[in-house]
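As a plain string of letters, each chain reads:
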Amino acid sequence: MTEQATEKIDASLVKAFVYSTKNVLNTMVGVDVELGKPSLRHDPQPSYNVSGIVGFTGDVVGNVVISFTGETAGNIVESFCGEKMSPQSEDFSDAIGELCNMIAGNAKKEFGLNAGIGIPSVVIGAGHMIARMSDVPCVLIPCKCDVGNFAVEINIKQVACLTAEVK
Amino acid sequence: MKILLVDDSRTMRNIWKRVVSGLDDCEILEAGDGQEGLKTISENGPVDLVLLDWNMPNMDGLTMLKKVRENDKTTPVIMVTTEAEKLRIIDAIKAGANNYVVKPFTPDALKSKINETLKKASQPA
Ligand SMILES: [Mg+2]
């Protein structure tokens, strides 16, 4: 559990997510996102109860969690879909997942590496945990906007491109 | 006009639906992945426009596009994707996509891409 992170996180990867989160929330939800000071997260529990999780493969591995309070997630889903939805409904997680897919896809464009994005998964409920890589720190960016608070939790690293030409 | 919407996210299909339902006389077909998309085409016959997501389970959009183009070179296909790197877009164009829209987009941006694509497709080459 207390294993030390041995690698540094690449600042350009973090910047890509910051830019992309603002852009996607602005276009799809119509809100301006205010970012707080990034910090390192050491425990496997995400900041809030609703997690949109996107895994990366290829030149970048690991995962990124967009962690929302239940209320924020509800508000975001409402403006994204144009109607209120219960967190129990399939469409609720679908909307959160698609939003996270957009954020990851746009971030990937920003960092310009040959990375693959997985199909996003969404977990709702208090006390759930996220499996993270222990050799890179998890960077947490607190976010604030008109519809509530959320956090972007970035636990990814660039891997050596030994197979770059084989495709 | 028949429009096929292929995306694993129902939310996205609903957003597209709101946009395309403004078009004249439009029948909307939906599929949740590439395999379902191909099945929908084989069961319902040719469509007039396909909006196609890239990142989907079972069969992704690029694979579906390639399969469609094996025997149909003309149906306009718009790739809707977050995969905005140039190389990927070139892959899609090479595989026969007529246009692409990058997510996130506003409804107006999608509408104008659709109109642009349909207009081009209706012009004699
Ligand atoms: Mg998708």
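Below is a summary of the structure that appears in this document.

Conventions we followed
Residues numbered from 1 in each chain as written. Chains lettered and ligands numbered in written order. Predicted model: local features only at pLDDT ≥ 70, side-chain atom pairs only at ≥ 80, totals over all residues. Heavy atoms only, no water. Helix = DSSP H or I, 4+ residues; strand = E, 2+ residues; numbered from the N terminus. Rg over C-alpha atoms; globule rule 2.2 N^0.38 Å. Buried < 20%, exposed > 50% of the residue type's maximum accessible area, 1.4 Å probe, protein only. Contact = heavy atoms within 4.5 Å. Buried area = accessible area lost by both parts, 1.4 Å probe. Salt bridge = Lys/Arg side-chain N within 4 Å of Asp/Glu carboxyl O. Polar contact = N/O pair within 3.5 Å; in protein donor to acceptor, adjacent residues only side chain to side chain. Nonpolar A, V, L, I, M, F, W, Y, C, P; charged D, E, K, R; others polar. Arc of directions from axis to C-beta. Pairing = 2+ DSSP bridges. Right-handed = clockwise from strand over helix to strand, strands pointing away. Axes fitted to C-alpha atoms, helices over the stretch in contact; angles between N-to-C directions. Parallel < 35°, antiparallel > 145°, perpendicular 65-115°, else oblique. Left-handed = near helix turned anticlockwise from the far one by under 90°.

**Describing the overall build of chain A**
Line of reasoning, step 1. Looking only at helices and strands, one finds three helices and eight strands in chain A.
Line of reasoning, step 2. Relative to a compact globule of 167 residues, whose C-alpha radius of gyration would be 15 Å, chain A shows 15 Å and is just as compact.
Line of reasoning, step 3. For chain A, the spread of C-alpha atoms along the three principal axes comes to 45 × 35 × 30 Å.
Line of reasoning, step 4. Here chain A, with 167 residues, has 49% of them falling under the buried criterion.

**Some thoughts on the interface of chain A and chain B**
Line of reasoning, step 1. On the chain B side, the residues contacting the 23 residues of chain A number 20 residues.
Line of reasoning, step 2. Of all residues in chain A, Asp94(A), Glu98(A) and Ile119(A) bury the most surface against chain B, accounting for 25% of the area lost on that side.
Line of reasoning, step 3. Among the ionic pairs, Glu90(A) bridges to Arg10(B), the shortest N-O distance being 3.8 Å.
Line of reasoning, step 4. Run the count over chain A and chain B and you get nine residue pairs in polar contact (both at pLDDT 80 or more).
Line of reasoning, step 5. Looking at the side of chain A that touches chain B, the element that brings in the most residues is helix H3 (residues 90-111) of chain A, giving 11 residues.
Line of reasoning, step 6. Tallied by class, residues from the side of chain A that touches chain B come to 10 nonpolar, seven polar and six charged.

**Points about helix H3 (residues 61-71) of chain B**
Residues and elements named next belong to chain B.
Line of reasoning, step 1. Residues of H3 that are buried: Gly61, Leu62, Met64, Leu65, Val68 and Arg69. Around the axis of H3, the buried residues are gathered within 160° of arc, so they sit on the same side. Those residues of H3 that are exposed and aimed more than 90 degrees away from the buried face are Glu70 and Asn71.
Line of reasoning, step 2. The backbone nitrogen of Leu62 lies 3.3 Å from a side-chain oxygen of the residue at the head of H3, namely Asp60.

**A closer look at the pairing of strand E4 (residues 77-81) of chain B**
Residues and elements named next belong to chain B.
Line of reasoning, step 1. Counting buried positions along E4 gives five out of five residues, so the element sits mostly inside the fold.
Line of reasoning, step 2. With burial as the criterion, each face of E4 is covered, one bearing Val77, Met79 and Thr81 and the other bearing Ile78 and Val80.
Line of reasoning, step 3. One ladder, built from four bridges, connects strand E3 (residues 49-53) with E4; its direction is parallel. Residue pairing for E4: Asp53 is matched across the bridge by Val80.
Line of reasoning, step 4. In this region the chain leaves E3, passes through H3 and returns to the parallel neighbour E4; the handedness of that crossover is right-handed.

**What to know about the pattern of salt bridges**
Line of reasoning, step 1. For the coordinates displayed, the defined rule picks out 11 salt bridges over all chains.
Line of reasoning, step 2. Between Lys103(B) and Glu98(A) there is a salt bridge whose closest N-O contact spans 2.5 Å. With Lys103(B) in the loop between strand E5 (99-102) and helix H5 (107-122) and Glu98(A) in helix H3, the pair connects residues from two separate chains.
Line of reasoning, step 3. For Lys103(B), a relative accessible area of 0% puts it in the buried group.
Line of reasoning, step 4. Looking at Glu98(A), the relative accessible area reads 3%, which means it is buried.

**Overview of the sheet that holds strand E2 (residues 27-31) of chain B**
All names here are of chain B.
Line of reasoning, step 1. Taking strand neighbours across the sheet as the criterion, the five strands line up as E2-E1-E3-E4-E5 in an open arrangement whose pairing is parallel. Strands at the two margins of the open sheet, each flanked by one partner only, are E2 and E5. When the angles between neighbouring strand axes are averaged without regard to direction, this sheet yields 20°.
Line of reasoning, step 2. Note that strand E1 (residues 2-6) and E3 share four bridges and pair parallel. Note on E3: the bridge partner recorded for Leu4 is Val50.
Line of reasoning, step 3. Contacting E1, E3 and E4, H3 crosses the sheet at an angle of about 170° to E4.

**Re the packing of helix H2 (residues 34-44) of chain B against H3(B)**
Residues and elements named next belong to chain B.
Line of reasoning, step 1. Between H2 and H3, whose axes approach to 9 Å, the crossing angle comes to 25°. With respect to H3, the element H2 is oriented roughly parallel. Classified by chirality, the crossing of H3 by H2 is right-handed. Each of Gly34, Gly37, Leu38 and Ile41 in H2 lies in contact with H3, whose residues at this interface are Met64, Lys67 and Val68.
Line of reasoning, step 2. Class assignment for the residues of the contact of H2 with H3 results in four nonpolar, two polar and one charged.

**Looking at the packing of helix H1 (residues 11-29) of chain A against helix H2 (residues 70-81) of chain A**
Residue and element names in this part refer to chain A.
Line of reasoning, step 1. Two elements in contact, H1 and H2, have axes whose closest approach is 9 Å; the angle formed by their N-to-C orientations is 55°. Our classification of the angle between H1 and H2 gives oblique. Residues Leu25, Met28 and Val29 of H1 pack against Ile76, Ser79 and Phe80 of H2.
Line of reasoning, step 2. The residue inventory of the contact of H1 with H2, partitioned by class, reads five nonpolar, one polar and no charged.

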